[in-house]
Amino acid sequence: MRHDHLIDTKQLTRQDIENVLDHAAEIDADPSAFADRHAGKLLGLMFYEPSTRTKMSFETSIKRLGGDIVDMGPVESSSVKKGESLADTARVIEGYADALVLRHPSQGAAKMVGEFVDVPLLNAGDGAGHHPTQTLLDLYTIRENAGLDDLTIGIMGDLKYGRTVHSLAYALTNFDAHQHFISPGSLKLPRSVRYDLHEAGASVREHTDIEAILPNLDVLYVTRIQRERFPDENEYRAVAGDYQIDFETLEAAPDDLTIMHPLPRVDEIAPEVDETEHAKYFEQAHNGIPVRMALLDSMLEDQ
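An account of the accompanying structure is given in this report. These figures come from a predicted structure and were not determined experimentally. (Residues numbered from 1 in each chain as written. Predicted model: local features only at pLDDT ≥ 70, side-chain atom pairs only at ≥ 80, totals over all residues. Heavy atoms only, no water.)

This paragraph deals with the overall build of the chain. The helix and strand tally for the chain stands at 11 helices and nine strands. Expected size for 303 residues packed as a compact globule is a radius of gyration near 19 Å; at 19 Å, the chain falls within 12% of this value. Seen through its principal axes, the chain has C-alpha atoms that stretch 55 × 45 × 40 Å. Of all 303 residues assigned to the chain, the portion counted as buried reaches 56%. Considering only contacts within the chain whose residues lie at least 6 apart along the sequence, 73% involve residues at least 24 apart. Accessible area of the chain: about 13200 Å², with a carbon and sulfur share of 44%. One finds the centroid of the 28 positive side-chain charges in the chain at a distance of 6 Å from the centroid of its 53 negative side-chain charges. (Helix = DSSP H or I, 4+ residues; strand = E, 2+ residues; numbered from the N terminus. Rg over C-alpha atoms; globule rule 2.2 N^0.38 Å. Buried < 20%, exposed > 50% of the residue type's maximum accessible area, 1.4 Å probe, protein only. Contact = heavy atoms within 4.5 Å. Areas by Shrake-Rupley, 256 points an atom, 1.4 Å probe, with all protein chains shown as cover. Lys, Arg positive; Asp, Glu negative; His and termini not counted. Charge placed at Lys NZ, Arg CZ, Asp CG, Glu CD.)

Now the structure itself:
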């Protein structure tokens, strides 16, 4: 890749994306061939928010490349509780590691940290901002199941606060993709995101229900209503549970529809859907390993 840091998907060209996905496919085909590529390298983990898939897949990825981690650990047991700034914490940990992974609740946190550190930095989610490594594994899953050109995708759920949505929408402007956004009126895409998508020439349509557009979709990307992002509990309660995919919903779906979800889910996809050919969200989560291995392999190459 051309960039020392991976902060958001806006910085990625189509060629950047395809390079990562092609490399991930190589790794996926023969993981053992990359087992000792980065022996002795250390990846610093800075997670200021809870994480299961992202944190564990980064740890798995560096270990499968022969390296290891140094982990800041829970915020509650770190110097953050003593008042240490994010910039100072990052500058300390970069002295222990060859690359950093940051998750933070504040939008723009990764961009700020990127101005202070010299080792490669990967944004693992910054509030309602971006989650570029999630987007790359999403694109890998879409490419494997439906292809990335001449694609019609529906993105449903929390479009206002969903960083996975924002990142994916920007990345898809690099491809021939028709994007349909389905959400309650209060959770529509932010105006700034809609503006950027239109400026990029994206084909974008917005809907409040799934029924009319579902038969035309190649991919349905479902997101949960994120309680932790809402500044007002009443706003959350007003929309929680509004959208759910179940057997009844899928009666109108194409036979080859791919259903994805960045996880965790709450009640937006019924468990009965898991047993259908549509369900690809666990495959999607597993794809985090080859994709993050590919990213780390490229970023650590010259470290």
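Having put the structure on the table, let's press on.
The calculated volume of the largest pocket comes to roughly 640 Å³. At the level of elements, α2 (53-64), α5 (132-145), α6 (163-172), α10 (281-286) and α11 (288-299) are the ones that each hand at least two residues to the lining of the largest pocket. For the lining of the largest pocket, the leading source of residues is α2, giving five residues. Tallied by class, residues from the lining of the largest pocket come to nine nonpolar, 14 polar and eight charged. (1 Å grid on protein atoms, 1.4 Å probe; cavity = no way out; pocket = protein on both sides within 12 Å on 5 of 7 lines; lining within 4 Å. Points joined across faces, edges and corners; volume = space filled by probe spheres on them. Nonpolar A, V, L, I, M, F, W, Y, C, P; charged D, E, K, R; others polar.)

Counted under the stated rule, the structure contains one aromatic pair. Between the NZ or CZ atom of R292 and the centre of the ring of F58, over which it lies, the distance is 5.0 Å. (Phe/Tyr/Trp six-rings, centres within 6.5 Å; stacked < 30°, edge-to-face > 60°. Lys NZ or Arg CZ within 6 Å of the ring centre and 35° of its normal.)

Right, let's talk about the side chain of T258 for a bit. By the element assignment, T258 lies in strand β9 (residues 258-260). On the accessibility criterion, T258 (3% relative accessible area) is buried.

Moving on, we get to α2. One turn of an α-helix holds 3.6 residues; hence residues three or four places apart share an orientation. Compared with an ideal rise of 1.5 Å per residue, which puts 12 residues at 16 Å, α2 spans 16 Å between its outermost C-alpha atoms and is within 8% of the ideal. Of the residues making up α2, those classed as buried are T54, K55, S57, F58, S61 and I62. Residues of α2 that are buried in the fold lie against β1 (42-47), β2 (68-71), β3 (99-104), β4 (121-126), α5 and α11. One or two positions beyond α2, positive phi appears at G66, with a value near 95°. (Expected span 1.5 Å × (residues − 1).)

Next up on the list: the pattern of salt bridges. Evaluation of the coordinates by the stated rule reveals 11 salt bridges. R163 serves as the salt-bridge partner of E49, at 3.2 Å between the closest nitrogen and oxygen. Of this pair, E49 sits in the loop between β1 and α2 while R163 sits in helix α6, and the two are 114 residues apart along the sequence. Comparing E49 with R163 shows no difference in burial state: the two are buried. Ionic pairing is found between R194 and E206, a salt bridge with its closest N-O pair at 3.6 Å. Separated by 12 residues along the polypeptide, R194 in helix α7 (residues 191-199) and E206 in strand β7 (residues 203-207) bring together distant segments of the chain. In this structure, a network of salt bridges that share partners links the residues R14, E18 and D149. (Salt bridge = Lys/Arg side-chain N within 4 Å of Asp/Glu carboxyl O.)

Sheet architecture is open: four strands sit in the order β2-β1-β3-β4, paired in parallel fashion. Strands with a single pairing partner mark the edges of an open sheet, and in this sheet they are β2 and β4. Put simply, the sheet's adjacent strands are angled 20° from each other on average, direction ignored. In the sheet, β3 pairs with β4 via four bridges, with the strands oriented parallel. The residue bridging V101 from the neighbouring strand is L122, located in β4. (Pairing = 2+ DSSP bridges. Axes fitted to C-alpha atoms, helices over the stretch in contact; angles between N-to-C directions.)

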